[in-house]
Amino acid sequence: MTQLRDFSGGIHPPEHKHLSTGRPIRTAALPEHLILPLQQHIGEPAQPLVAVGDRVLKGQVIADVSSGRGVPVHAPTSGIIVAVEDRPVPHPSGMTDRCLILEPDGKDQWTSLNPVADYHTMGREDLLAMIRNAGVAGLGGAGFPTNVKLRPPRDRKVETLILNGAECEPYITADDMTMRERADEVVAGMKVMAWILRPSRCVIGIEDNKPEAVRAIQAAVDGTQIEVAVIPTKYPSGGEKQLIQILTGQEVPSGGIPADIGVMCQNIGTAVAVARAVFEGKPLISRVVTITGLAVAEPGTFEALLGTPVACLLAEAGLDHPHLNRLVLGGPMMGYTLTTDAVPVTKTTNCVIAATAEELPTPAPEQACIRCGFCAEACPMELLPQQLFWHSKAGEFEKAEHLNLFDCIECGACSYVCPSSIPLVQYYRYAKGEIRTHRAEQIKADRARERFEARQARLEREQQEKERRRNERAAEAARKKAEAAKVAASDDKPEIDERAAKAALVQEALARKKAKEKAARVETGEPSSSQPPNSD
Amino acid sequence: MGINLLLAILVLLALAVVFGGLLGFAAERFRVEGNPLAEQIDALLPQTQCGQCGFPGCRPYAESIANGDAINKCPPGGESTIKALADLLDVEPQPLDAEHGVEQAKRVAVIREDECIGCTKCIQACPVDAILGAAKHMHTIIESECTGCDLCVEPCPVDCIDMITVEPDIRTWTWTPPARGVIATDRQGASA
Amino acid sequence: MSLIQQSSPHTRNARPTSRVMLWVILATLPGLLAQTLFFGWGNLINVVWCVLLAMASEAAILAIRRKPVAFVLKDNSAAVTGLLLGLSLPPFTPWWVSATAVISAIVVAKQLYGGLGSNPFNPAMVGYALVLISFPVAMTVNWAEAATLWGSAPGFMDTLATIFSASQTTVDGWTMATPLDQYKHQITTLTSTEILQHPTFGEQVARGWEWVNLAFLAGGLGLLALKIITWHIPAGFLAGLAIMSLAFGSNADLYAPLSLHLLAGGTMLGAFFIATDPVSAATSHRGKLIYGAGIGILIYLIRTWGNYPDAVAFAVLLMNFAVPFIDHYTPPRTYGHHKPRRGAPGKMGG
């Protein structure tokens with residue numbers, strides 16, 4: 001039995017998971033257009049490899065990152081690229097970003113696939129390249145390229161590999177349903193990752209409110225070394241740092257990565273994507289998405305092609321338009337609101353909540369902080385949410401940063417319990433944004449200063465150079481004048497002789513060199529030419 | 001009586017010497033090497049090098065402030081720079097001196113390249129060497145190095161340089177603070 | 001389609017400040033009931049008077065400060081301040097003394113500092129301390145004799161008349177010194193046994209007072225169960241008081257016994273309802289323990305060696321002074337850090 005620890009703080013919000021677990025995973029219908037953002041991962045945006053009008057096959061690479069960190073984008077089905085343009089993408093800003101628009105031809109014709117029968121015969125690097133080329137980036141929400149994550153810094157050995165099946169946020173059931181229905185693939189993906197990392201311990205952590213998933217996974221890991229840890233339901237147990245604390249008792253150092261303490265966390269969906277990449281050779285072109293909320297008649301989970309507009313999925317789930325008040329992408333604790341349902345499903349889209357006004361009501365107006373300390377009780381990172389709030393609100397970002405603002409995981413537990421309904425997380429996000437912007441500006445200003453100073457130095461040098469040359473010329477002129485005067489005054493022969501002798505010596509040396517060169521050419525059989533040999 | 005008085009004076013004197021010595025030692029031993037004032041001020045200026053303050057660059061203005069010049073002559077820095085300077089120098093912040101310009105959104109210069117005649121005048125004007133090009137060849141601006149100082153616009157004989165306001169995009173976007181006032185949400189119309 | 005755009009989290013639990021304050025008010029009811037049963041109508045009349053006055057003065061100053069009156073009043077915090085004053089003032093306190101306390105609490109101690117959440121001192125205790133210093137006689141002679149409501153206590157109208165009239169003659173026969181006061185002044189001449197024979201002390205610890213304190217204890221435990229307060233401040237408070245009493249006051253012929261310290265005077269009201277005012281208290285768990293213990297220790301010091309028979313107000317105010325200091329030295333250790341970060345960022349820090 002795995003020894004479990006507790007993490008401090010945490011809350012127990014209503015789960016609302018039963019809404020979407022009643023139905024099996026449905027395959028979403030093929031939409032009219034697929035919208036494929038070029039950046040669905042952390043790192044550099046991918047560059048299109050196809051042009052408008054090109055026909056692409058299902059699974060074909062249509063955009064890739066040539067330099068820098070990133071993973072390719074694949075065509076989720078066969079069809080024609082009809083546009084490369086800015087479209088609304090899932091992002092808290094509600095802004096647009098560059099997308100490839102694919103019009104499916106309905107044939108669903110695969111490109112050639114190269115599955116691997118036995119990955120044990122492959123090298124670590126080959127496997128990582130295979131995962132990268134399949135476009136796998138963390139399906140949990142951040143979208144960090146999985147191949148990069150699976151290659152921790154050389155001096156870090158991953159001793160514990162954790163598969164995060166906690167799924168602690170209310171409403172979301174994508175991982176739950178995946179574990180119930182695709183437990184074998186989950187375990188197979190974990191085995192591949194374990195083969196790459198060679199950890200001494202593999203754990204799948206699942207919250208105890210998912211007994212069906214626990215049973216399915218337990219059946220799938222039977223006969224392997226993989227542990228299944230059933231952890232108490234408490235938000236945010238699925239936070240990477242919290243889950244690590246629960247399962248290992250260790251804390252990820254501030255500013256560090258789990259690999260620093262020999263731990264790595266991977267998402268359930270990522271494991272499935274890795275399994276498909278290796279065993280079927282299929283790239284990441286679809287994912288499981290929960291469509292839920294009281295504004296849809298038939299909430300549930302969908303296997304949707306990447307690029308499927310959220311509107312299509314909502315329609316399939318029976319959206320009750322008039323009652324839709326808020327559209328949340330992700331969970332109700334950490335997700336962000338969408339301003340339009342035209343955004344597509346991406347690699348990181350795990351849940352869409354179509355909420356009615358009663359379900360997720362407009363928050364009460366902000367009242368004064370009464371320092372009740374509920375927020376500090378709830379904070380899983382043991383921060384001082386009140387102090388962070390005052391400093392962020394007052395614009396004292398330096399003080400907020402000193403109180404570990406950047407350790408905040410924005411889980412929302414503090415805002416959830418705040419009796420004065422202060423949007424604490426938004427204050428922290430604002431403060432973080434300001435600090436990052438300020439830092440970027442500072443770096444830019446420093447560079448501008450450097451360039452300015454370098455330019456000043458250069459101008460000064462040029463000035464001095466000019467000055468020096470002028471002086472030299474003046475001196476030269478003066479000397480010549482004086483010399484001329486001297487020559488005129490007394491016929492100074494010895495000096496002239498000396499000069500003539502020197503000139504003769506130089507002539508002699510030149511002649512010697514020429515002769516030598518000629519000899520060398522003859523030796524190497526090259527044509528005797530005074531021109532340098534023509535390269536190319 | 002006399003001896004007591006003498007004793008008291010001696011004790012106090014001894015104490016004064018000891019503590020004076022300690023303080024002196026501490027002042028030497030734990031001295032904080034501060035940046036010269038002008039350098040600290042220069043670090044707060046935006047390094048636009050635009051010269052709107054009347055000085056040829058940020059550094060000269062910083063030196064002038066260190067010698068008692070007004071802190072409100074920097075339009076690119078605006079309110080926030082004035083406030084930071086006021087904090088550093090422990091003086092009252094003043095509003096921006098309109099004589100030197102008004103605070104504007106961040107901008108960068110862009111050359112309309114097909115109109116450029118390759119005169120190199122802008123290259124000579126750029127205080128941070130952010131313009132590439134050679135005589136009789138088209139010039140271009142290294143956008144990431146441009147401070148938006150405006151100095152290249154004036155010398156251009158064919159007026160082919162535009163100052164473009166930098167709009168926040170999806171990669172530079174950050175959260176806004178919650179709205180002050182009673183209601184903290186806003187409704188946005190969106191296409192269905 | 002018109003969609004709400006908002007930062008996460010999108011869901012909140014429904015326990016607003018007004019509800020928290022309401023629970024505090026409800027939790028004082030057992031204590032108020034016990035006070036009324038054992039000391040007559042005085043406290044109840046005080047409570048009503050103080051609450052009304054507190055709301056009125058809060059409304060008035062909010063209007064002057066051009067703040068939304070109804071919106072702020074709804075948070076019930078003014079009512080709690082009035083309530084705490086009504087509960088802690090002597091039962092026969094003249095109306096103008098309580099009015100002075102309430103108005104200075106709301107106007108000076110709370111609103112002039114910026115309103116709810118910004119006051120460094122506990123408003124109710126500022127009001128209490130102010131009148132205790134300004135009107136020492138009125139604050140000492142108006143304590144009621146414990147005489148059960150169903151027994152010989154003055155009637156409702158008599159009490160009302162006493163509180164709202166200029167003369168103090170009507171209830172003269174029913175007032176008396178508090179047990180703590182009496183013990184403190186008589187121990188210099190009498191033995192402990194002699195003092196405790198006085199009817200003030202009754203058969204248990206201190207007639208009437210023990211029940212009032214137990215009732216406040218019950219209400220306080222209710223707040224703990226509802227997780228409106230944490231155990232740290234009351235525990236620190238009571239432990240501080242108890243340890244001081246055990247360490248210095250074991251000889252009952254010199255000092256009041258522990259039982260009297262715990263169950264007479266304003267101990268339980270102070271421990272669970274006054275010291276736990278979050279606005280003016282320390283924030284971290286360790287800080288709260290230190291803060292509570294400081295109050296308990298100060299109460300013992302002032303009760304035993306000071307000039308006042310009870311000391312909740314002074315002890316709380318003194319520890320309010322110390323809160324920034326305590327908070328500075330007791331930050332929690334953030335996840336992933338070796339040491340807690342304290343204080344303001346240094347010049348070089350980044």
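This is a predicted model, so every value here is computed, not measured.

Caption draft 1: Quick peek at the overall build of chain B. Along chain B, the regular secondary structure elements total 5 helices and 5 strands. The helix and strand sequence of chain B, counted from the amino end, reads α-α-α-α-β-α-β-β-β-β. Computed over C-alpha atoms, the radius of gyration of chain B comes to 28 Å, more than 25% over the 16 Å expected from 2.2 N^0.38 for 192 residues, which places it beyond the range of a compact globule. A total of 192 residues make up chain B; the buried ones form 24% of that total. Summarising the internal contacts of chain B: among those between residues at least 6 apart in sequence, 56% fall at separations of at least 24.

Caption draft 2: Up close: the overall build of chain C. Along chain C, the regular secondary structure elements total 18 helices and 1 strand. When burial is assessed residue by residue, chain C has 54% of its 350 residues classed as buried. Considering only contacts within chain C whose residues lie at least 6 apart along the sequence, 75% involve residues at least 24 apart.

Caption draft 3: Expanded view of the confidence of the model for chain B. Residue and element names in this part refer to chain B. Mean pLDDT for chain B: 83, with 91% of residues reaching 70 or above. Per-element mean pLDDT across chain B ranges from 33 in strand β5 (residues 186-189) up to 91 in helix α1 (residues 2-29). A low-confidence stretch, residues 182-192 stays under pLDDT 50, and its non-local contacts, those more than four residues away or across chains, total 27 contacts.

Caption draft 4: Molecular detail of unusual backbone geometry. Cis geometry marks the peptide bond from A:Tyr235 to A:Pro236, where omega comes out at -5 degrees. As for its position among the elements, A:Pro236 is in the loop between β11 (227-231) and α7 (240-248). Across the junction of C:Ser8 and C:Pro9, the peptide omega takes the value -5 degrees, indicating a cis bond. For C:Pro9, the location among the structural elements is in the loop between β1 (2-5) and α1 (17-27). Unlike most non-glycine residues, A:Asn404 shows phi in positive territory, near 70 degrees.

Caption draft 5: Geometry of the pairing of strand β2 (residues 34-37) of chain A. Residues and elements named next belong to chain A. Side-chain alternation along β2 places Leu34 and Leu36 on one buried face and Ile35 and Pro37 on a second face that is also buried. One ladder, built from 4 bridges, connects β2 with strand β8 (residues 96-104); its direction is antiparallel. Directly across from Ile35, in β8, lies its bridge partner Ile101.

Caption draft 6: The sheet that holds strand β1 (residues 26-27) of chain A, seen in detail. Residue and element names in this part refer to chain A. Strand order in the open sheet formed by 6 strands is β1-β14-β13-β17-β15-β16, and the pairing between neighbours is mixed. Whereas interior strands pair on both sides, the edge strands pair on one side only; in this sheet they are β1 and β16 (336-337). Running at roughly 120 degrees to strand β13 (residues 286-292), helix α4 (residues 174-181) makes contact with β13, β14 (300-305) and β17 (351-355) of the sheet.

Caption draft 7: Just the interface of chain C and chain A, in detail. Taken together, the 34 residues of chain C in the interface contact 54 residues of chain A. Where the side of chain C that touches chain A is concerned, the elements lending two or more residues are β1 and α1 of chain C. No other element matches β1(C), which puts 3 residues into the side of chain C that touches chain A.

Caption draft 8: Looking closely at the environment of B:Pro75. All names here are of chain B. Checked against the element boundaries, Pro75 lands in the loop between α3 (58-66) and α4 (78-89). C-alpha of Pro75 to C-alpha of Gln52: the two residues are 23 residues apart in sequence and 7.2 Å apart in space. In contact with Pro75, not counting residues within four places along its chain, are Gln52, Leu96, His100, Gly101, Val102 and Glu103.

Caption draft 9: Region of the structure containing the nonpolar core. Residues A:Ile217 and A:Leu313 are the most contacted members of the largest nonpolar core, which totals 243 residues. The element that contributes the greatest number of residues to this core is helix α18 (residues 312-329) of chain C, accounting for 9 residues. Beyond its immediate stretch of four places on either side in the chain, A:Leu313 contacts A:Ala28, A:Val289, A:Ile291, A:Phe302, A:Ala304, A:Thr308 and A:Val352. B:Cys50, B:Cys122, B:Ile141 and B:Cys152 belong to the second largest nonpolar core, which has 18 residues in total.

Caption draft 10: Main features of helix α11 (residues 385-394) of chain A. Residue and element names in this part refer to chain A. Taken across its 10 residues, α11 has 7 buried, putting it largely inside the fold. Within the sequence span of α11, burial applies to Pro385, Gln386, Gln387, Leu388, Phe389, His391 and Ser392. Tucked into the core, α11 has its buried residues touching α10 (374-378), α12 (397-402), α13 (413-417) and α14 (424-489). In the segment just after α11, Gly395 is the residue with positive phi, at about 75 degrees.

Cut-offs and rules
- Residues numbered from 1 in each chain as written.
- Chains lettered and ligands numbered in written order.
- Predicted model: local features only at pLDDT ≥ 70, side-chain atom pairs only at ≥ 80, totals over all residues.
- Helix = DSSP H or I, 4+ residues; strand = E, 2+ residues; numbered from the N terminus.
- Rg over C-alpha atoms; globule rule 2.2 N^0.38 Å.
- Buried ≥ 20, exposed ≤ 12 C-beta atoms within 10 Å, placed from the backbone.
- Contact = placed C-beta atoms within 7 Å.
- pLDDT = per-residue confidence, 0-100.
- Pairing = 2+ DSSP bridges.
- Axes fitted to C-alpha atoms, helices over the stretch in contact; angles between N-to-C directions.
- Core = buried A, V, L, I, M, F, W, Y, C linked by C-beta atoms within 7 Å.

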